[in-house]
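The chain contents come next:
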Amino acid sequence: MVIDVIKGYGSFYIYGAQVVAYGAYKAIRHLCGRTPVCFLVGDLDGNPSQIDGVAVRMPDRVPKDALLLICVTELLQGEIVASLKERGVENLFLLSQHEEHLLMSAYFADIGKFPVAEARKGEPADFSMYEVCNHRDKPLAGHPNLRPFERSIQAGADLTEKRIASLLDNTGTNLSLRNRQYCEMTATYWVWKNTRHDWVGIEHYRRHLLVTPEMLAEDVDAVLPLPYVCYPDTVAQFRRFVSQDVLHALLKALKELHPKEYDGYLAILHGQYQYTYNLVCARRQVFDDYCAWFFRITEYMEGMADEVPEIGNTRALSYVAEVLTNLYFMSHQDVWRIRHAEKAIYV
(Lines give C-alpha, C1' and ligand atoms only; values in the text may rest on other atoms or scores of the structure.)
Protein backbone atom coordinates (compact mmCIF):
# COMPACT_ATOMS: atom_id res chain seq x y z
CA MET A 1 0.00 0.00 0.00
CA VAL A 2 1.08 3.62 -0.50
CA ILE A 3 1.78 4.01 3.23
CA ASP A 4 4.52 1.37 2.99
CA VAL A 5 6.07 3.16 0.01
CA ILE A 6 6.15 6.51 1.80
CA LYS A 7 7.87 5.02 4.83
CA GLY A 8 10.94 4.37 2.68
CA TYR A 9 11.44 8.06 1.88
CA GLY A 10 12.32 11.12 3.91
CA SER A 11 9.92 13.31 1.94
CA PHE A 12 7.33 13.03 -0.82
CA TYR A 13 5.12 15.14 -3.09
CA ILE A 14 1.48 14.68 -4.07
CA TYR A 15 0.63 15.36 -7.72
CA GLY A 16 -2.95 16.63 -7.79
CA ALA A 17 -4.96 19.17 -5.82
CA GLN A 18 -8.55 17.97 -6.09
CA VAL A 19 -10.61 15.25 -4.39
CA VAL A 20 -8.35 12.25 -5.02
CA ALA A 21 -5.27 14.15 -3.86
CA TYR A 22 -6.96 15.70 -0.83
CA GLY A 23 -8.38 12.38 0.32
CA ALA A 24 -4.97 10.73 -0.01
CA TYR A 25 -3.37 13.61 1.90
CA LYS A 26 -5.90 13.34 4.74
CA ALA A 27 -5.51 9.57 4.96
CA ILE A 28 -1.70 9.58 4.83
CA ARG A 29 -1.43 12.33 7.44
CA HIS A 30 -3.83 10.49 9.74
CA LEU A 31 -2.44 6.98 9.31
CA CYS A 32 1.28 7.70 9.44
CA GLY A 33 1.67 11.36 10.43
CA ARG A 34 3.38 12.35 7.17
CA THR A 35 2.74 15.53 5.16
CA PRO A 36 3.86 16.17 1.56
CA VAL A 37 6.41 18.86 0.71
CA CYS A 38 3.68 20.38 -1.46
CA PHE A 39 0.92 19.55 -3.91
CA LEU A 40 1.87 19.66 -7.60
CA VAL A 41 -0.36 20.60 -10.53
CA GLY A 42 0.15 21.12 -14.25
CA ASP A 43 -1.78 24.41 -14.20
CA LEU A 44 -2.40 26.73 -11.27
CA ASP A 45 -5.62 28.02 -12.80
CA GLY A 46 -8.63 26.23 -11.34
CA ASN A 47 -6.65 24.89 -8.38
CA PRO A 48 -6.27 26.26 -4.84
CA SER A 49 -3.06 28.09 -3.95
CA GLN A 50 -2.74 26.03 -0.77
CA ILE A 51 -4.47 23.15 0.98
CA ASP A 52 -4.46 23.09 4.79
CA GLY A 53 -1.44 25.39 4.66
CA VAL A 54 0.49 23.14 2.25
CA ALA A 55 1.47 24.99 -0.94
CA VAL A 56 0.18 24.06 -4.39
CA ARG A 57 2.93 24.51 -7.00
CA MET A 58 4.01 23.67 -10.52
CA PRO A 59 6.43 20.72 -10.80
CA ASP A 60 9.30 22.77 -12.30
CA ARG A 61 11.71 22.52 -9.38
CA VAL A 62 10.96 19.05 -8.04
CA PRO A 63 14.15 17.00 -7.52
CA LYS A 64 14.41 14.24 -10.11
CA ASP A 65 14.87 11.59 -7.41
CA ALA A 66 11.85 12.76 -5.39
CA LEU A 67 8.94 10.43 -4.66
CA LEU A 68 5.79 11.67 -6.41
CA LEU A 69 2.40 10.18 -5.59
CA ILE A 70 0.17 10.60 -8.64
CA CYS A 71 -3.20 11.24 -6.99
CA VAL A 72 -5.57 12.05 -9.84
CA THR A 73 -8.25 10.04 -11.61
CA GLU A 74 -6.89 7.20 -13.72
CA LEU A 75 -8.38 8.96 -16.77
CA LEU A 76 -5.55 11.54 -16.46
CA GLN A 77 -2.68 9.51 -15.07
CA GLY A 78 -1.14 8.42 -18.38
CA GLU A 79 -0.78 11.95 -19.71
CA ILE A 80 0.67 13.21 -16.41
CA VAL A 81 3.18 10.37 -16.12
CA ALA A 82 4.41 10.98 -19.68
CA SER A 83 4.88 14.69 -18.95
CA LEU A 84 6.81 14.04 -15.72
CA LYS A 85 9.07 11.46 -17.35
CA GLU A 86 9.92 14.00 -20.04
CA ARG A 87 11.19 16.20 -17.20
CA GLY A 88 13.35 13.32 -15.98
CA VAL A 89 11.21 12.46 -12.95
CA GLU A 90 11.03 8.68 -12.68
CA ASN A 91 10.19 7.90 -9.05
CA LEU A 92 6.41 7.80 -9.42
CA PHE A 93 3.74 5.91 -7.49
CA LEU A 94 0.37 5.83 -9.23
CA LEU A 95 -2.59 5.80 -6.88
CA SER A 96 -4.82 3.42 -8.83
CA GLN A 97 -8.49 2.99 -7.98
CA HIS A 98 -7.58 -0.15 -6.05
CA GLU A 99 -4.78 1.55 -4.11
CA GLU A 100 -7.05 4.50 -3.39
CA HIS A 101 -9.74 2.15 -2.07
CA LEU A 102 -7.25 0.38 0.20
CA LEU A 103 -5.94 3.70 1.54
CA MET A 104 -9.30 5.37 2.07
CA SER A 105 -11.00 2.29 3.56
CA ALA A 106 -8.14 2.03 6.09
CA TYR A 107 -8.53 5.72 6.91
CA PHE A 108 -12.31 5.58 7.29
CA ALA A 109 -12.10 2.41 9.37
CA ASP A 110 -9.67 4.13 11.72
CA ILE A 111 -11.98 7.13 12.21
CA GLY A 112 -15.11 4.96 12.45
CA LYS A 113 -16.89 6.06 9.24
CA PHE A 114 -18.20 4.48 6.03
CA PRO A 115 -17.81 0.72 6.67
CA VAL A 116 -16.89 -1.56 3.78
CA ALA A 117 -19.26 -4.26 2.49
CA GLU A 118 -18.24 -7.87 3.08
CA ALA A 119 -19.10 -10.92 0.99
CA ARG A 120 -21.02 -13.51 2.98
CA LYS A 121 -22.40 -16.97 2.38
CA GLY A 122 -26.11 -17.27 1.88
CA GLU A 123 -28.88 -17.22 -0.69
CA PRO A 124 -28.02 -14.70 -3.46
CA ALA A 125 -30.29 -11.69 -3.62
CA ASP A 126 -32.66 -10.98 -6.53
CA PHE A 127 -30.30 -8.37 -7.94
CA SER A 128 -29.76 -6.59 -11.23
CA MET A 129 -27.02 -4.02 -11.87
CA TYR A 130 -27.59 -1.71 -14.84
CA GLU A 131 -24.56 -0.42 -16.73
CA VAL A 132 -25.49 2.90 -18.33
CA CYS A 133 -24.07 3.58 -21.79
CA ASN A 134 -24.68 6.23 -24.45
CA HIS A 135 -24.19 6.37 -28.20
CA ARG A 136 -21.58 9.14 -27.74
CA ASP A 137 -19.37 7.04 -25.42
CA LYS A 138 -15.74 6.73 -26.48
CA PRO A 139 -14.27 3.25 -27.08
CA LEU A 140 -12.32 1.90 -24.12
CA ALA A 141 -9.01 0.06 -24.30
CA GLY A 142 -9.97 -2.26 -21.47
CA HIS A 143 -13.55 -3.07 -20.49
CA PRO A 144 -14.51 -6.23 -18.56
CA ASN A 145 -17.17 -8.68 -19.61
CA LEU A 146 -20.41 -8.06 -17.75
CA ARG A 147 -21.13 -10.36 -14.85
CA PRO A 148 -24.34 -12.47 -14.88
CA PHE A 149 -26.27 -9.89 -12.83
CA GLU A 150 -25.17 -6.90 -14.97
CA ARG A 151 -27.10 -5.56 -17.97
CA SER A 152 -26.33 -2.63 -20.27
CA ILE A 153 -28.98 0.03 -20.81
CA GLN A 154 -28.71 2.76 -23.43
CA ALA A 155 -29.44 6.20 -22.00
CA GLY A 156 -30.75 8.88 -24.35
CA ALA A 157 -32.10 6.29 -26.80
CA ASP A 158 -34.79 8.73 -27.97
CA LEU A 159 -32.10 11.11 -29.22
CA THR A 160 -30.49 8.76 -31.76
CA GLU A 161 -31.27 5.88 -34.09
CA LYS A 162 -28.01 4.15 -33.13
CA ARG A 163 -28.46 1.13 -30.84
CA ILE A 164 -25.68 -0.06 -28.54
CA ALA A 165 -27.61 -2.06 -25.89
CA SER A 166 -30.57 -4.41 -25.75
CA LEU A 167 -32.26 -2.32 -23.05
CA LEU A 168 -33.33 1.22 -23.99
CA ASP A 169 -34.38 4.05 -21.70
CA ASN A 170 -37.11 5.20 -24.12
CA THR A 171 -39.52 2.34 -23.42
CA GLY A 172 -42.21 2.28 -20.75
CA THR A 173 -42.33 5.30 -18.44
CA ASN A 174 -39.24 7.33 -19.25
CA LEU A 175 -37.30 10.61 -19.45
CA SER A 176 -35.17 9.62 -22.43
CA LEU A 177 -35.74 12.88 -24.33
CA ARG A 178 -34.20 14.81 -21.44
CA ASN A 179 -30.94 12.86 -21.47
CA ARG A 180 -28.95 15.94 -22.52
CA GLN A 181 -29.92 17.53 -19.21
CA TYR A 182 -29.97 14.44 -16.97
CA CYS A 183 -27.24 12.24 -18.53
CA GLU A 184 -27.13 8.81 -16.80
CA MET A 185 -30.08 9.70 -14.58
CA THR A 186 -32.55 9.00 -17.40
CA ALA A 187 -31.48 5.36 -17.06
CA THR A 188 -31.88 5.55 -13.28
CA TYR A 189 -35.41 6.89 -13.83
CA TRP A 190 -36.18 4.04 -16.24
CA VAL A 191 -34.96 1.41 -13.76
CA TRP A 192 -37.07 3.02 -11.04
CA LYS A 193 -40.25 3.04 -13.11
CA ASN A 194 -39.90 -0.17 -15.11
CA THR A 195 -38.22 -2.87 -12.98
CA ARG A 196 -39.09 -4.68 -9.76
CA HIS A 197 -35.95 -6.52 -8.60
CA ASP A 198 -35.43 -6.78 -4.83
CA TRP A 199 -32.04 -5.09 -5.30
CA VAL A 200 -31.04 -2.74 -8.14
CA GLY A 201 -27.86 -0.91 -9.00
CA ILE A 202 -26.61 1.77 -11.36
CA GLU A 203 -23.09 1.97 -12.80
CA HIS A 204 -21.55 3.47 -15.96
CA TYR A 205 -19.78 2.02 -18.98
CA ARG A 206 -16.44 3.41 -17.73
CA ARG A 207 -17.14 3.31 -13.98
CA HIS A 208 -18.26 0.12 -12.26
CA LEU A 209 -19.24 -0.48 -8.67
CA LEU A 210 -17.58 -3.76 -7.68
CA VAL A 211 -20.48 -5.11 -5.66
CA THR A 212 -21.53 -8.76 -5.71
CA PRO A 213 -24.77 -10.47 -4.63
CA GLU A 214 -22.88 -11.95 -1.66
CA MET A 215 -22.45 -8.42 -0.24
CA LEU A 216 -26.21 -7.81 -0.15
CA ALA A 217 -26.82 -9.28 3.27
CA GLU A 218 -29.88 -8.97 5.52
CA ASP A 219 -28.22 -6.22 7.55
CA VAL A 220 -27.35 -4.08 4.50
CA ASP A 221 -29.71 -1.64 2.77
CA ALA A 222 -27.42 0.07 0.26
CA VAL A 223 -23.89 -0.18 -1.16
CA LEU A 224 -22.07 2.85 -2.55
CA PRO A 225 -18.46 3.70 -3.40
CA LEU A 226 -16.48 5.34 -0.61
CA PRO A 227 -17.04 9.10 -0.63
CA TYR A 228 -14.43 11.57 -1.75
CA VAL A 229 -13.09 14.12 0.72
CA CYS A 230 -13.53 17.63 -0.70
CA TYR A 231 -11.48 20.76 -0.01
CA PRO A 232 -12.71 23.03 1.40
CA ASP A 233 -16.23 21.52 1.12
CA THR A 234 -18.67 19.86 -1.27
CA VAL A 235 -20.12 23.22 -2.36
CA ALA A 236 -16.72 24.24 -3.72
CA GLN A 237 -16.52 20.94 -5.61
CA PHE A 238 -20.00 21.50 -7.10
CA ARG A 239 -19.14 25.08 -8.12
CA ARG A 240 -16.26 23.80 -10.26
CA PHE A 241 -18.89 22.58 -12.73
CA VAL A 242 -21.93 24.88 -12.46
CA SER A 243 -22.74 28.55 -11.99
CA GLN A 244 -23.78 30.31 -8.80
CA ASP A 245 -27.27 30.59 -10.32
CA VAL A 246 -27.63 26.80 -10.47
CA LEU A 247 -26.46 26.50 -6.87
CA HIS A 248 -29.03 29.09 -5.79
CA ALA A 249 -31.74 27.24 -7.73
CA LEU A 250 -30.84 23.99 -5.98
CA LEU A 251 -30.89 25.66 -2.56
CA LYS A 252 -34.26 27.25 -3.34
CA ALA A 253 -35.70 23.87 -4.35
CA LEU A 254 -34.38 22.17 -1.21
CA LYS A 255 -35.73 24.91 1.07
CA GLU A 256 -39.13 24.94 -0.62
CA LEU A 257 -39.64 21.18 -0.75
CA HIS A 258 -37.84 20.14 2.47
CA PRO A 259 -37.91 23.06 4.93
CA LYS A 260 -37.48 20.86 8.01
CA GLU A 261 -34.44 19.08 6.57
CA TYR A 262 -32.92 22.16 4.95
CA ASP A 263 -30.43 23.03 7.70
CA GLY A 264 -29.22 19.44 7.74
CA TYR A 265 -28.72 19.54 3.98
CA LEU A 266 -26.71 22.75 4.32
CA ALA A 267 -24.48 21.10 6.90
CA ILE A 268 -23.76 18.25 4.44
CA LEU A 269 -23.10 20.70 1.60
CA HIS A 270 -20.61 22.56 3.76
CA GLY A 271 -19.04 19.31 4.94
CA GLN A 272 -16.24 17.47 3.18
CA TYR A 273 -17.67 14.07 2.28
CA GLN A 274 -19.24 13.49 -1.13
CA TYR A 275 -20.57 10.40 -2.85
CA THR A 276 -19.92 10.87 -6.57
CA TYR A 277 -20.74 9.49 -10.02
CA ASN A 278 -24.29 8.45 -8.99
CA LEU A 279 -23.09 4.87 -8.47
CA VAL A 280 -25.76 3.25 -6.30
CA CYS A 281 -26.82 -0.25 -5.33
CA ALA A 282 -29.83 -0.49 -3.01
CA ARG A 283 -32.78 -2.49 -1.81
CA ARG A 284 -35.93 -1.74 -3.78
CA GLN A 285 -37.48 0.18 -0.88
CA VAL A 286 -34.40 2.37 -0.55
CA PHE A 287 -33.99 2.84 -4.31
CA ASP A 288 -37.65 3.85 -4.70
CA ASP A 289 -37.44 6.32 -1.83
CA TYR A 290 -34.21 7.82 -3.20
CA CYS A 291 -35.63 8.22 -6.71
CA ALA A 292 -38.94 9.70 -5.56
CA TRP A 293 -37.06 12.25 -3.43
CA PHE A 294 -34.51 12.95 -6.16
CA PHE A 295 -36.82 13.47 -9.15
CA ARG A 296 -39.26 15.63 -7.21
CA ILE A 297 -36.41 18.09 -6.64
CA THR A 298 -35.13 18.03 -10.22
CA GLU A 299 -38.68 18.44 -11.54
CA TYR A 300 -39.04 21.53 -9.35
CA MET A 301 -35.75 22.85 -10.70
CA GLU A 302 -36.85 22.25 -14.30
CA GLY A 303 -39.66 24.70 -13.58
CA MET A 304 -36.98 27.34 -12.94
CA ALA A 305 -35.40 27.00 -16.41
CA ASP A 306 -36.76 30.36 -17.60
CA GLU A 307 -35.10 32.01 -14.63
CA VAL A 308 -31.90 29.93 -14.90
CA PRO A 309 -31.49 28.89 -18.58
CA GLU A 310 -28.48 26.71 -17.70
CA ILE A 311 -30.92 24.20 -16.17
CA GLY A 312 -32.68 23.64 -19.48
CA ASN A 313 -29.95 24.01 -22.08
CA THR A 314 -26.87 22.40 -20.47
CA ARG A 315 -26.08 19.27 -18.45
CA ALA A 316 -26.27 21.25 -15.19
CA LEU A 317 -28.89 18.85 -13.81
CA SER A 318 -26.43 15.98 -14.16
CA TYR A 319 -24.07 17.81 -11.78
CA VAL A 320 -27.01 18.60 -9.51
CA ALA A 321 -27.69 14.85 -9.57
CA GLU A 322 -24.37 14.06 -7.88
CA VAL A 323 -25.12 16.60 -5.16
CA LEU A 324 -28.59 15.16 -4.61
CA THR A 325 -27.33 11.57 -4.48
CA ASN A 326 -24.81 12.68 -1.87
CA LEU A 327 -27.42 14.61 0.14
CA TYR A 328 -29.84 11.70 0.17
CA PHE A 329 -27.42 9.03 1.35
CA MET A 330 -25.44 11.26 3.71
CA SER A 331 -28.68 12.41 5.35
CA HIS A 332 -29.80 8.77 5.72
CA GLN A 333 -26.68 7.39 7.39
CA ASP A 334 -28.72 6.69 10.54
CA VAL A 335 -31.78 5.45 8.63
CA TRP A 336 -30.38 3.00 6.06
CA ARG A 337 -27.61 0.52 6.74
CA ILE A 338 -25.09 1.71 4.16
CA ARG A 339 -21.94 -0.17 3.22
CA HIS A 340 -19.24 0.63 0.68
CA ALA A 341 -17.51 -1.19 -2.17
CA GLU A 342 -14.59 -0.53 -4.45
CA LYS A 343 -15.17 1.21 -7.76
CA ALA A 344 -13.24 0.65 -10.99
CA ILE A 345 -12.53 3.17 -13.74
CA TYR A 346 -11.81 1.92 -17.26
CA VAL A 347 -9.82 3.88 -19.84
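A. A look at the environment of Leu67. Tracing the backbone through its elements, the reader meets Leu67 in the loop between strand E4 (54-57) and strand E5 (68-70). Judged by its relative accessible area of 2%, Leu67 is buried. For the pair Leu67 and Ala187, spaced 120 residues apart in sequence, the C-alpha to C-alpha distance is 43 Å. The contact partners of Leu67, leaving out residues within four places of it in the chain, are Val5, Ile6, Tyr9, Ser11, Phe12, Tyr13, Asn91 and Phe93.

B. Summary view of the sheet that holds strand E7 (residues 127-133). Pairing is mixed across the open sheet formed by seven strands, whose spatial order is E9-E8-E7-E10-E15-E12-E16. Across the chains shown, the open sheet's two edge strands, defined by having one partner strand only, are strand E9 (167-168) and strand E16 (338-341). Judged from the five bridges that link them, E7 and strand E8 (residues 150-154) form a sheet pairing that is parallel. Bridge pairing in E8 links Glu131 to Ser152. With respect to the sheet, helix H10 (residues 284-302) is in contact with strand E10 (199-204), strand E12 (222-225) and strand E15 (280-283), its orientation differing from that of E15 by roughly 120 degrees.

C. Inspection of unusual backbone geometry at higher detail. Looking along the chain, the bond that leaves Tyr231 and enters Pro232 is cis, with omega of -5 degrees. As for its position among the elements, Pro232 is in the loop between strand E13 (228-229) and helix H7 (234-239). One non-glycine residue, Phe114, lies in positive phi territory at about 55 degrees. Phi is positive for Asn278, which is not a glycine, with a value near 55 degrees. Owing to a relative accessible area of 2%, Asn278 belongs among the buried residues under this scheme.

D. Representation of the pattern of salt bridges in the model. Applying the stated criterion across every chain yields a total of 10 salt bridges. With a closest N to O distance of 3.9 Å, Asp52 and Arg29 form a salt bridge. Of this pair, Asp52 sits in the loop between strand E3 (50-51) and E4 while Arg29 sits in helix H2 (residues 19-32), placing them 23 residues apart in sequence. Residues Lys252 and Glu307 are paired through a salt bridge, measuring 4.0 Å at the closest nitrogen-oxygen approach. Remark: Glu307 occurs in the loop between H10 and helix H11 (310-313) and Lys252 occurs in helix H8 (residues 244-257); sequence separation between them is 55 residues. Classification of Glu307 by relative accessible area gives exposed; the value is 54%. Through salt bridges with shared partners, one network takes in Arg196, Arg284 and Asp288.

E. Molecular detail of the packing of H2 against helix H4 (residues 97-111). The N-to-C vectors of H2 and H4 enclose an angle of 50 degrees; their axes lie 9 Å apart at closest approach. With respect to their mutual orientation, H2 and H4 come out oblique. Judged by the sense of rotation from one axis to the other, the crossing of H2 with H4 is left-handed. Residues Val20, Gly23, Ala24, Lys26, Ala27, Ile28, His30 and Leu31 of H2 lie in contact with H4, whose contacting residues are Glu100, Leu103, Met104, Ala106, Tyr107, Asp110 and Ile111. Classifying every residue of the contact of H2 with H4 by side-chain character gives 10 nonpolar, two polar and three charged.

F. Local environment of the nonpolar core. Leu69 and Phe329 are the most contacted members of the largest nonpolar core, which totals 94 residues. When residues of this core are assigned to their parent elements, the largest contribution, 10 residues, is made by helix H12 (residues 316-331). Every residue in contact with Phe329, bar those within four places of it in the chain, is listed here: Ala222, Leu224, Tyr275, Val280, Val286, Tyr290 and Ile338.

G. Just H2, in detail. Between its first and last C-alpha atoms H2 spans 20 Å; for 14 residues at 1.5 Å apiece the expected length is 20 Å, and the two agree. With 10 of its 14 residues buried, H2 lies for the most part within the structure. Among all positions in H2, only Val19, Val20, Ala21, Tyr22, Gly23, Ala24, Tyr25, Lys26, Ala27 and Ile28 are buried. Gly33 sits one or two positions beyond H2 and adopts a positive phi of about 70 degrees.

H. Main features of the sheet that holds E5. As summarised here, the arrangement of the six strands in space is E3-E4-E2-E1-E5-E6, forming an open sheet in which the pairing is mixed. Two strands in the sheet have a free side with no partner beyond their single neighbour: E3 and strand E6 (92-94). Bridge analysis of strand E1 (residues 13-15) against strand E2 (residues 39-40) gives two bridges, and the strand direction is parallel. From the neighbouring strand, Ile14 faces E2, where its bridge partner is Phe39. Against the sheet, helix H3 (residues 74-86) makes contact with E1, E5 and E6, and its axis sits at roughly 180 degrees relative to E6, the strand it touches most.

I. Focus on the environment of Glu131. Tracing the sequence through the fold places Glu131 in strand E7. Classification of Glu131 by relative accessible area gives buried; the value is 4%. Those residues in contact with Glu131 that sit more than four places away from it in its chain are His143, Leu146, Arg151, Ser152, Ile153, Glu203, His204, Tyr205 and His208.

Thresholds, definitions, all that
- Residues numbered from 1 in each chain as written.
- Predicted model: local features only at pLDDT ≥ 70, side-chain atom pairs only at ≥ 80, totals over all residues.
- Heavy atoms only, no water.
- Helix = DSSP H or I, 4+ residues; strand = E, 2+ residues; numbered from the N terminus.
- Buried < 20%, exposed > 50% of the residue type's maximum accessible area, 1.4 Å probe, protein only.
- Contact = heavy atoms within 4.5 Å.
- Pairing = 2+ DSSP bridges.
- Axes fitted to C-alpha atoms, helices over the stretch in contact; angles between N-to-C directions.
- Salt bridge = Lys/Arg side-chain N within 4 Å of Asp/Glu carboxyl O.
- Parallel < 35°, antiparallel > 145°, perpendicular 65-115°, else oblique.
- Left-handed = near helix turned anticlockwise from the far one by under 90°.
- Nonpolar A, V, L, I, M, F, W, Y, C, P; charged D, E, K, R; others polar.
- Core = buried A, V, L, I, M, F, W, Y, C linked by side-chain atoms within 4.5 Å.
- Expected span 1.5 Å × (residues − 1).

No statement about biological role is implied by the geometric values presented.
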